[in-house]
Amino acid sequence: AQSVSQHNHHVILSEAASLELGCNYSYGGTVNLFWYVQYPGQHLQLLLKYFSGDPLVKGIKGFEAEFIKSKFSFNLRKPSVQWSDTAEYFCAVTARRGNTGFQKLVFGTGTRLLVSP
Amino acid sequence: GAVVSQHPSRVICKSGTSVKIECRSLDFQATTMFWYRQFPKQSLMLMATSNEGSKATYEQGVEKDKFLINHASLTLSTLTVTSAHPEDSSFYICSARESWSNQPQHFGDGTRLSIL
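Conventions we followed
- Residues numbered from 1 in each chain as written.
- Chains lettered and ligands numbered in written order.
- Predicted model: local features only at pLDDT ≥ 70, side-chain atom pairs only at ≥ 80, totals over all residues.
- Heavy atoms only, no water.
- Helix = DSSP H or I, 4+ residues; strand = E, 2+ residues; numbered from the N terminus.
- Rg over C-alpha atoms; globule rule 2.2 N^0.38 Å.
- Contact = heavy atoms within 4.5 Å.
- 1 Å grid on protein atoms, 1.4 Å probe; cavity = no way out; pocket = protein on both sides within 12 Å on 5 of 7 lines; lining within 4 Å.
- Points joined across faces, edges and corners; volume = space filled by probe spheres on them.
- Polar contact = N/O pair within 3.5 Å; in protein donor to acceptor, adjacent residues only side chain to side chain.
- Salt bridge = Lys/Arg side-chain N within 4 Å of Asp/Glu carboxyl O.
- Buried < 20%, exposed > 50% of the residue type's maximum accessible area, 1.4 Å probe, protein only.
- Pairing = 2+ DSSP bridges.
- Axes fitted to C-alpha atoms, helices over the stretch in contact; angles between N-to-C directions.

Asker: Would you mind showing me how to read the overall build of chain A here?
Answerer: Along the backbone of chain A there are zero helices and twelve strands. The order of α-helices and β-strands along chain A, N terminus first, is β-β-β-β-β-β-β-β-β-β-β-β. For a compact globule of 117 residues, the expected C-alpha radius of gyration is about 13 Å, and chain A comes in at 14 Å, within 12% of that figure. Reported as C-alpha extents along the three principal axes, the dimensions of chain A are approximately 50 × 30 × 20 Å. Contacts spanning at least 24 positions in sequence make up 56% of the contacts within chain A whose residues lie at least 6 apart.

Asker: What is the right way to read the environment of A:Leu105 from this model?
Answerer: Considering the arrangement of structural elements, one finds A:Leu105 in the loop between strand S10 (87-95) and strand S11 (106-107). Put simply, A:Leu105 and A:Cys91 are 14 residues apart on the chain and 10.0 Å apart in space, counted from C-alpha to C-alpha. Those residues in contact with A:Leu105 that sit more than four places away from it in its chain are A:Phe34, A:Tyr36, A:Ala92, A:Val93, A:Thr94, B:Tyr36, B:Gln105 and B:Phe107.

Asker: When you look at the layout of surface pockets in this model, what are you seeing that I'm missing?
Answerer: Empty space among the atoms becomes apparent when a probe as large as a water molecule is rolled across them. Taken as a whole, the second largest pocket holds about 380 Å³ of empty space. As for the second largest pocket, its lining consists of 17 residues, and the residues nearest its centre are A:Gln38, A:Glu88, A:Arg112, B:Gln38 and B:Arg112. Elements supplying a minimum of two residues to the lining of the second largest pocket: S10 and strand S12 (111-116) of chain A.

Asker: Looking at this model, I keep getting lost on the environment of A:Arg77. Mind explaining?
Answerer: Residue and element names in this part refer to chain A. For Arg 77, the position within the fold is in strand S9 (residues 73-78). Sequence separation between Arg 77 and Val 37 is 40 residues; the distance between their C-alpha atoms is 13 Å. Among residues more than four places away in sequence, those in contact with Arg 77 are Leu 19, Glu 20, Leu 56, Gly 62, Phe 63, Glu 64 and Glu 66. Looking at Arg 77, its side chain comes within polar contact range of the side chain of Glu 66, at 3.2 Å.

Asker: Whenever I open this one, the pattern of salt bridges confuses me. Can you help?
Answerer: Pairs can form between side chains of opposite charge once their charged atoms are near each other. Residues and elements named next belong to chain A. In total, this model carries eight salt bridges over all chains according to the counting rule given. Between Arg 77 and Glu 64 there is a salt bridge, with its nearest N and O atoms 3.4 Å apart. Of this pair, Arg 77 sits in strand S9 while Glu 64 is found in strand S8 (residues 64-68), placing the two residues 13 residues apart along the sequence. Judged by its relative accessible area of 22%, Arg 77 is partly exposed.

Asker: Where do I start with the sheet that holds strand S3 (residues 19-25) of chain B in this structure?
Answerer: Remark on secondary structure: sheet strands pair via backbone hydrogen bonds, oriented parallel or antiparallel. All names here are of chain B. With respect to topology, four strands assemble into an open sheet ordered S1-S3-S8-S7, the strand pairing being antiparallel. Among the strands making up the open sheet, the edge pair consists of strand S1 (4-7) and strand S7 (67-73). Taking each pair of neighbouring strands and ignoring which way they run, the sheet shows an average axis angle of 15 degrees. As defined by bridge partners, S3 adjoins strand S8 (residues 76-81) across six bridges and the pair is classed as antiparallel. Within S8, the position partnered with Glu 22 by the bridge is Thr 78.

Just distances and angles here, no functional claims.
Here it is, written out as structure tokens:
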């Protein structure tokens, strides 16, 4: 069964620091990859997604992620974080199964990011 | 953008009560809706997938008689926790997706259920 690992459970950064959150998945076939963000008191929102094509994906609010197939990774990056980026970040994967389309979305355990002003 | 409304946001009730949670897609037609459960400091765990007009597909270990799901229209799905007990206390989140299976899911705000 597919699984998603987010190794950083808590990250604390100062404003303007660079961010990289790790995400690894365990499935060898075709995958769709997502990063979702949950700001305090709000619902999950899509940050960016990868379906195919350019492995470097640009998302909203200056975030980007790179799909490295050989490493089964989809790390999230931002060159300079802001206080407003304080949130919980979830990596998610859905895998294609033959002709039945994509399977369910599997989430990582999340990374709680705190950006201090 | 696509908006999913989930109601109520919080429920506190006595053991043995049945609780209904609604999930509505406000500005798109949701062919498929999903129900998740999230325990503290853990990830979202899929409970079931419902397609409009058909029976829900439950994940292994989820009791379908305990968690009744109805998806009667393209904009509404409901989850009823029947005869709830304290161990059913959790955060329940719904999401909705338009027709294509590789489209992103749009999430509701979640319902915090507390059973006394």
